[in-house]
Number of protein chains: 2
Amino acid sequence: MTEAATGRRTRGGGGAARRAERTAISLETAKYIERNIPNFEVLTEEALEIIEANAETVLAEIGVNFVNNPAALDRWRAAGAEVEGERVRIPRGLARQLCSTAPAQYTQHARNPARNVVVGGKNLVLAPVYGPPFVHDAEKGRRYATIEDFRNFVKLGYMSKWLHHSGGTVCEPTDVPVNKRHLDMLHAHMTLSDKPFMGSVTEPSRAQDSVDMCEILFGKQFVQDNTVMTSLININSPMTFDDTMMGALEIYAANNQACVISPFIVGGAMAPVSVAGTLTQVLAEVLAGIAYSQLVRAGAPVIFGAFVTSIDMNSGAPTFGTPEASLITYGAGQLARRMGLPYRSAGSFCGSKLPDAQAAYETSNSLNMGLLSGVNFMLHACGWLEGGLVSSYEKFVMDADQLGALHHLAKGVQIDENAQAMDAIAEVGPGGHYLGCAHTQANFKTAFWRSDLFDYKPFETWSEEGARDTMALATQRVKRQLDTYQKPPLDPAIAEALEAFVAQKKASVPDAFL
Amino acid sequence: MTEAATGRRTRGGGGAARRAERTAISLETAKYIERNIPNFEVLTEEALEIIEANAETVLAEIGVNFVNNPAALDRWRAAGAEVEGERVRIPRGLARQLCSTAPAQYTQHARNPARNVVVGGKNLVLAPVYGPPFVHDAEKGRRYATIEDFRNFVKLGYMSKWLHHSGGTVCEPTDVPVNKRHLDMLHAHMTLSDKPFMGSVTEPSRAQDSVDMCEILFGKQFVQDNTVMTSLININSPMTFDDTMMGALEIYAANNQACVISPFIVGGAMAPVSVAGTLTQVLAEVLAGIAYSQLVRAGAPVIFGAFVTSIDMNSGAPTFGTPEASLITYGAGQLARRMGLPYRSAGSFCGSKLPDAQAAYETSNSLNMGLLSGVNFMLHACGWLEGGLVSSYEKFVMDADQLGALHHLAKGVQIDENAQAMDAIAEVGPGGHYLGCAHTQANFKTAFWRSDLFDYKPFETWSEEGARDTMALATQRVKRQLDTYQKPPLDPAIAEALEAFVAQKKASVPDAFL
């Protein structure tokens, strides 16, 4: 299931880079999950057909808005849609037909080829939390995130055995000007980790900067021939595609870089309060968004996204890890598979203000549901706190540890002769015990998943050691990881070129904080 | 989904009882879960057949031990098994054939008929933690459990909306003599709650006392005609059936009372370290145990049980909420359904010493797996802490709250016209919001599950109110529930008769503390 990250691509740079590589510590990262278990499906064939027909009705009769984007309206008109103002009505069947050129799976390359991920099929790729303006830790509490925090989370992600992807905006570095943040964020992913990462989507020009930096890191030709970024394009639900996000999508699709096309839904506010109604809207939005990506460039890699939560009707707060969100996520997985597309949903979702029991219940509900619903790309797989307002240091390592359990659950049940263990049952017999038997000795090292974080000690030992809760254990683990972090080696010529690009870009425009 | 508990059976007692009933507060308890979602299955047909064939091999060639129980050996001999010393070898197919007289489902009656539960089919009945010698709360910490604690947990179970069953040994009342505890425990279940409960299994005579007390509570004829207890018979895995547990089973089966027949397995110690090997042993043990129950009385109601956890190979500690335990639980559900028997597994399992994040991750893994694996009777559904050594006050109400989420998840997806919400999507349109639309107004009250415990407030409000974590919220909830608890009404004549029985039994033998 796991593989040491040993093979590394060298590109230019020569002897110094190769020497750096030889002396670096080898960090173990599990391969992305390849499921050997079925998907859990809650929709009947009849329900699927009703939802699919209703989504076509929504597109044909209600339509979607492409805001501030005349070029998009031209593309839609040329493709046969009815355009009226910014409203695009898509004849039945057209969106689905356009979606058919999107690939069923794609490889996202990392600068360390051992970290490449295949998104789609039976695979599950895990990426960390995305977007919070705040961070939280036990020592300093809740505060605005800085670029130092950002770098720390990239380091923690790099060191996590069960995280396959470095993610994108692991937190918002609010101390860096808004129009320059993306440069520092990409630089951090490219230099502090060797796992795959996401590009900027906050402006089309920043998406272009992301592509340009990738050309420095991977080489121009390599980027033209391969997918090296998966970026997050949110739809403004209900049914609104804004020019910023679409502008970034256009850049990425044109460059054959992958995008998650993702409705952003708080059920009851941005979608109906019913599961079937929400699924209808999700499908309509994804059909329109992915069809548009294929109008920009047929064959561009995309992911069927569904960020779904529900609202607490008492307070108006979004709630997480709820059964309704689970049902929607299970159902959306079925819809995505029927389109033959990779699927993104779920994550370490919770509404709690602390990484406490509430956070863990909610998160565990969502992580398990994510695995079983057939998610292929799970953003927010660790570190999410307080409805996504906060990246939590402690929760990052707690969740990342739990991701190990998903890897083992996904292995399913082996049934070969060794797994049948009939010799062991005969050897031990009624009233015996298995601890010392030959089968146990031969298999115990890989038999059971074991948390690297939780406390398994007897009560007395645990008490003597300070009666620490999970939060305290996680604080210790964060410190140990950041203290022992070592940068993965990078060709010095590439490192210099990246520095120069960032410096030149930053110098070319004044700071903007809005 | 829910129903107010209004109808109550009156038996004898007359006017005083009826007046008491009319003035009592009506407490809402959800009906047992009737699943409208599929089961999650991890074993292929081929794997199921291999495991079933291997289990027959285990029974025929290795056999099981019935310890200290000549009558059992006689029964087996008469049924066609090969008996050698205490070893019983069961010819292929015999055990499965004997199991075929066990019912696929049964009704366990409560003294309040609105609380009756149907165990089997697509139903899930939730019962609280069973067996811990210690209790824990935030204020007084960890300590030996007393009868006062026991009564408190019965009260909390009675007040929980999502708990259908009062359970059995919700904690061990260690301040009551071992040979008299069962009387006080049964008395508490019978008088402090009106939900169904479990009988004593620690001695055949105590099982008989349980039957006798039920005859007082329900009437002699009613107990002869109906099942009023579901009791827990553990198998000493591997493959050992001791005379205490079998003695209790014999009493219950002879009286047509239900038993869970349950291997007690810490994988790696009492079963092989592999999933398939453990499932083989579980099936062999359950086949032998249930076959034996049917030898005692054909048609006696029984449940296919599987208590499964794995061992931490570093420390030897049992671990909970692990992926291997989940795979075994999913697989055992398939085996139980192929036998056409109700299935017991899962629970609020965790190894943590505190109701912290570790406890919640582990518990949530197990609760979700329990629902999806098709469990019909979930013992330990709330309150379990520290590997079952501790009944936790706070965790009891935390877990009990999460059980609400299981109820809503089990509802599955509605697909009627209202659920499709096409009018709402048309009314709101691109860029609108759903909060005020007609569909939301008509459906919001029942649309989403909402925790009664978790914090959904904005950060600022939460901070001002003391920045409480889940533990603090749970402490408050425990206090509020115990403060507002009101005894369900009981016919005074029955109450007096129960008191008299307990007093007489206690006076008839000296105290024993071992």
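Before reading on, note that the structure itself is shown above.
Presented here is a report on the structure given in the accompanying data block. (Residues numbered from 1 in each chain as written. Chains lettered and ligands numbered in written order. Predicted model: local features only at pLDDT ≥ 70, side-chain atom pairs only at ≥ 80, totals over all residues. Heavy atoms only, no water.)

### A closer look at the relation of the copies chain A and chain B
And then number 1: With an RMSD of 0.1 Å, chain A superimposes on chain B once it is rotated by 180° and translated 0.0 Å along the axis. Such a turn and shift between the copies fits a two-fold axis. Among all residues of chain A, the one whose C-alpha sits closest to the rotation axis is A357(A), at a distance of 2.2 Å.
And then number 2: The fraction of interface residues of chain A whose copies in chain B are also interface residues reaches 100%, indicating that both copies meet through the same surface. (Least-squares fit on C-alpha atoms with pLDDT ≥ 70 in both. Contact = heavy atoms within 4.5 Å.)

### With respect to the environment of A467(B)
And then number 1: Relative to the assigned elements, A467(B) resides in the loop between α17 (459-464) and α18 (470-484).
And then number 2: Put simply, A467(B) and D455(B) are twelve residues apart on the chain and 9.9 Å apart in space, counted from C-alpha to C-alpha.
And then number 3: Contact partners of A467(B), with chain neighbours within four places excluded, come to L354(A) and W462(B). (Helix = DSSP H or I, 4+ residues; strand = E, 2+ residues; numbered from the N terminus.)

### Brief notes about the sheet that holds strand β6 (residues 87-89) of chain B
Residue and element names in this part refer to chain B.
And then number 1: One open sheet accounts for four strands, arranged β5-β6-β4-β13; its pairing is mixed. In the strand order of this sheet, the two ends are held by β5 (82-84) and β13 (240-241), each with one partner.
And then number 2: As judged from the two bridges shared by strand β4 (residues 64-66) and β13, these two strands associate in the parallel manner. Directly across from N65, in β13, lies its bridge partner T240. (Pairing = 2+ DSSP bridges.)

### Description of the interface of chain A and chain B
And then number 1: With 108 residues of chain A in contact, the opposing surface of chain B contributes 108 residues.
And then number 2: The largest per-residue losses of area from chain A upon contact with chain B belong to Y361(A), P430(A) and F448(A), which jointly make up 9% of the total buried on that side.
And then number 3: Counting every contact that joins chain A to chain B gives four salt bridges.
And then number 4: Between R450(A) and D312(B) there is a salt bridge; the shortest N-O distance is 2.5 Å.
And then number 5: Linking chain A with chain B are 43 residue pairs in polar contact (both at pLDDT 80 or more).
And then number 6: It is helix α12 (residues 357-372) of chain A that provides the largest number of residues to the side of chain A that touches chain B, a total of ten residues.
And then number 7: Considered class by class, the residues forming the side of chain A that touches chain B number 56 nonpolar, 37 polar and 15 charged. (Buried area = accessible area lost by both parts, 1.4 Å probe. Salt bridge = Lys/Arg side-chain N within 4 Å of Asp/Glu carboxyl O. Polar contact = N/O pair within 3.5 Å; in protein donor to acceptor, adjacent residues only side chain to side chain. Nonpolar A, V, L, I, M, F, W, Y, C, P; charged D, E, K, R; others polar.)

### Quick look at the packing of aromatic side chains
And then number 1: In this structure the tally under the stated criterion is 39 aromatic pairs over all chains.
And then number 2: Centre to centre, the rings of F320(A) and F349(A) are 5.9 Å apart; their planes meet at 50°, and the pair counts as tilted. In this pair, F320(A) sits in the loop between β17 (318-319) and α11 (323-339) while F349(A) sits in the loop between β18 (343-344) and α12, placing the two residues 29 residues apart along the sequence.
And then number 3: Under the relative-accessibility criterion, F320(A) is labelled buried at 5%.
And then number 4: Taking the relative accessible area as the measure of exposure, F349(A) reaches 5% and is therefore buried.
And then number 5: Seen from their ring centres, F153(B) and F396(B) are 5.5 Å apart, and the 55° between their planes marks the pair as tilted. Here the residue F153(B) occupies a position in helix α5 (residues 147-159), and F396(B) occupies one in helix α13 (residues 393-410), the gap between them amounting to 243 residues.
And then number 6: Judged by relative accessible area, F153(B) falls into the buried class, the value being 1%.
And then number 7: The rings of F264(A), F307(A), F320(A), F349(A) and W384(A) are connected pair by pair, giving a single aromatic cluster.
And then number 8: The ring of F459(A) has R142(B) lying over it, and the distance from NZ or CZ to the ring centre is 3.8 Å. (Phe/Tyr/Trp six-rings, centres within 6.5 Å; stacked < 30°, edge-to-face > 60°. Buried < 20%, exposed > 50% of the residue type's maximum accessible area, 1.4 Å probe, protein only. Lys NZ or Arg CZ within 6 Å of the ring centre and 35° of its normal.)

### Examining the pattern of salt bridges
And then number 1: Considering all chains together, one arrives at 50 salt bridges over all chains under this definition.
And then number 2: Measuring nitrogen to oxygen at the nearest pair gives 2.9 Å for the salt bridge that ties R115(B) to D194(B). Linking R115(B) in the loop between β7 (105-108) and β8 (117-120) with D194(B) in the loop between α6 (181-192) and α7 (204-218), this pair joins segments that are 79 residues apart in sequence.
And then number 3: Given a relative accessible area of 4%, R115(B) falls into the buried group.
And then number 4: A relative accessible area of 0% places D194(B) in the buried class.
And then number 5: Across the pair D399(B) and K395(B) runs a salt bridge, and its minimum N-O distance is 2.9 Å. One end of the pair, D399(B), and the other, K395(B), are both in helix α13, four residues apart, so they sit about a helical turn from each other. An identical accessibility class is assigned to D399(B) and K395(B); each is buried.
And then number 6: The network of salt bridges with shared partners includes E45(A), E52(A), R96(A) and R338(A).

### Thoughts on the layout of surface pockets
And then number 1: Taken as a whole, the largest pocket holds about 960 Å³ of empty space.
And then number 2: Residue lining of the largest pocket: 45 residues in total, with Y130(A), G131(A), F264(A), W384(A) and G388(A) positioned closest to the centre.
And then number 3: Counting only elements with at least two residues in the lining of the largest pocket, the list comes to α6 (181-192), β12 (230-235), α9 (243-254), β14 (258-267) and β16 (307-311) of chain A together with α17 of chain B.
And then number 4: Broken down by element, the residue count for the lining of the largest pocket peaks at five residues, all from α6(A).
And then number 5: Broken down by class, the residue content of the lining of the largest pocket amounts to 19 nonpolar, 16 polar and ten charged.
And then number 6: Considering the residues around the second largest pocket, the lining is formed by 33 residues, among which H408(A), K411(A), T446(A), A447(A) and F448(A) are closest to the centre. (1 Å grid on protein atoms, 1.4 Å probe; cavity = no way out; pocket = protein on both sides within 12 Å on 5 of 7 lines; lining within 4 Å. Points joined across faces, edges and corners; volume = space filled by probe spheres on them.)

### Here we look at the environment of P301(B)
Residue and element names in this part refer to chain B.
And then number 1: Tracing the backbone through its elements, the reader meets P301 in the loop between α10 (275-296) and β15 (302-305).
And then number 2: We classify P301 as buried; its relative accessible area is 3%.
And then number 3: Between the alpha carbons of P301 and D452 there is a distance of 36 Å; along the sequence they are 151 residues apart.
And then number 4: Discounting chain neighbours no more than four positions away, the residues touching P301 are P103, Y106, T227, N256, Q257, A258 and C259.

The values are spatial; any link to function lies outside them.
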